[in-house]
Amino acid sequence: MTTTQQLAGRVALVTGAGRGIGREIALELVARGASMVVHYSGSEDGARETAAQIEVSGGTAFIQQANVSVRAEVVAMFAAIDQRFDRLDIVVNSAGVSGGGSLADLDEWQLERMLGVNFHGPLFVASEAAKRLGAGGRIINISSTLGEFPMAGSGIYSATKVAIKSFTESWARELGQKGVTVNTVIPGATSPGMIDSAPDSAVEFFKNASPFNRIGTAGEIAAVVAFLASPEASWVSGAHILANGAADT
Ligand SMILES: NC(=O)c1ccc[n+]([C@@H]2O[C@H](COP(=O)([O-])OP(=O)(O)OC[C@H]3O[C@@H](n4cnc5c(N)ncnc54)[C@H](OP(=O)(O)O)[C@@H]3O)[C@@H](O)[C@H]2O)c1
């Protein structure tokens, strides 16, 4: 089987697929044959653009809106997916928000936002996925190197991104009994994506941290996700894969 069609017949959900890394993951899984649930929260135009790109390439796209930090919205999204498709095989938790600030100026709005989207969100999505995924199923969680190398001011974001690794290991042991693999991809600074709204000095910092002297591309993250989604990764579960160009921060 060629890698181009190895996901033929499978249905995938990618959260946050209206822009950034999530969009590239959705396009890559479709390129390998998957039908796609294009999830978005606020980026309706972005989701439509992702779906248009999928359909132009001959793929199937089904757009679904949900705030992943609200469990009822996640439950409703999965109910809609059930109406549209008779199976679900691959779930990628890519939606995420970042934020920073000093400890002394703790911002409770930022705290709740990051806990909601980065911690509750993947949990609510995976809980629904757990009811549906069967043998050969895949959950892929997107973490961050800021979880590996926390910086001054990144404490909340870093903590939510480390938490997802604990989710991965626990869910892998639980869902492995059903033949489902669960893994983490840990990107470094990646464009297009949230790094694009950071100051140039931050981008320079992350470039200099890698011996490749650049930041990553969303396509490079999508390729790692596609491997984990593939049948070839059947024995990879509970793993965390760094995709950061050997950056040391
Ligand atoms: N880019 C990087 O440098 C980088 C590095 C390491 C890790 N990551 C991780 O990679 C993942 C994707 O990030 P990105 O760079 O693609 O970020 P991004 O371009 O800022 O996109 C964020 C995504 O999260 C979605 N989202 C935000 N709030 C949401 C909510 N309440 N409910 C549902 N979805 C919500 C957004 O959807 P809408 O636009 O539709 O609201 C959007 O698709 C995140 O988990 C992030 O932590 C990124």
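Relevant structure appears above.
Fair warning: this is a prediction, and the values are worked out from it, not measured in the lab.

A. Main features of the site of the ligand. Taken together, 29 residues lie near the ligand, and Arg19, Ser41, Ser43, Tyr157 and Met194 sit nearest. Lys161 places a side-chain nitrogen or oxygen 2.8 Å from an oxygen atom of the ligand. Protein burial of the ligand: of its 890 Å² of free accessible surface, 92% is covered by the chains. Grouping the amino acids of the shell around the ligand by side-chain chemistry returns 13 nonpolar, 14 polar and two charged.

B. Up close: the environment of Asn118. In this structure, Asn118 sits in helix 4 (residues 108-132). Judged by its relative accessible area of 2%, Asn118 is buried. In sequence terms Asn118 and Ala218 are 100 residues apart; their C-alpha atoms lie 19 Å from each other. Beyond its immediate stretch of four places on either side in the chain, Asn118 contacts Gly96, Val97, Tyr157, Thr160, Lys161 and Ile164. Among the polar contacts made by the side chain of Asn118, one reaches the side chain of Thr160 at a distance of 3.2 Å.

C. Main features of the pattern of salt bridges. For the structure shown, the criterion picks out nine salt bridges. Close ionic contact of Asp82 with Arg132 constitutes a salt bridge, the shortest N to O distance being 2.8 Å. Of this pair, Asp82 sits in helix 3 (residues 71-84) while Arg132 is found in helix 4, placing the two residues 50 residues apart along the sequence. A relative accessible area of 39% places Asp82 in the partly exposed class.

Basis of the calculations
- Residues numbered from 1 in each chain as written.
- Predicted model: local features only at pLDDT ≥ 70, side-chain atom pairs only at ≥ 80, totals over all residues.
- Heavy atoms only, no water.
- Near = heavy atom within 4 Å.
- Polar contact = N/O pair within 3.5 Å; in protein donor to acceptor, adjacent residues only side chain to side chain.
- Areas by Shrake-Rupley, 256 points an atom, 1.4 Å probe, with all protein chains shown as cover.
- Nonpolar A, V, L, I, M, F, W, Y, C, P; charged D, E, K, R; others polar.
- Helix = DSSP H or I, 4+ residues; strand = E, 2+ residues; numbered from the N terminus.
- Buried < 20%, exposed > 50% of the residue type's maximum accessible area, 1.4 Å probe, protein only.
- Contact = heavy atoms within 4.5 Å.
- Salt bridge = Lys/Arg side-chain N within 4 Å of Asp/Glu carboxyl O.

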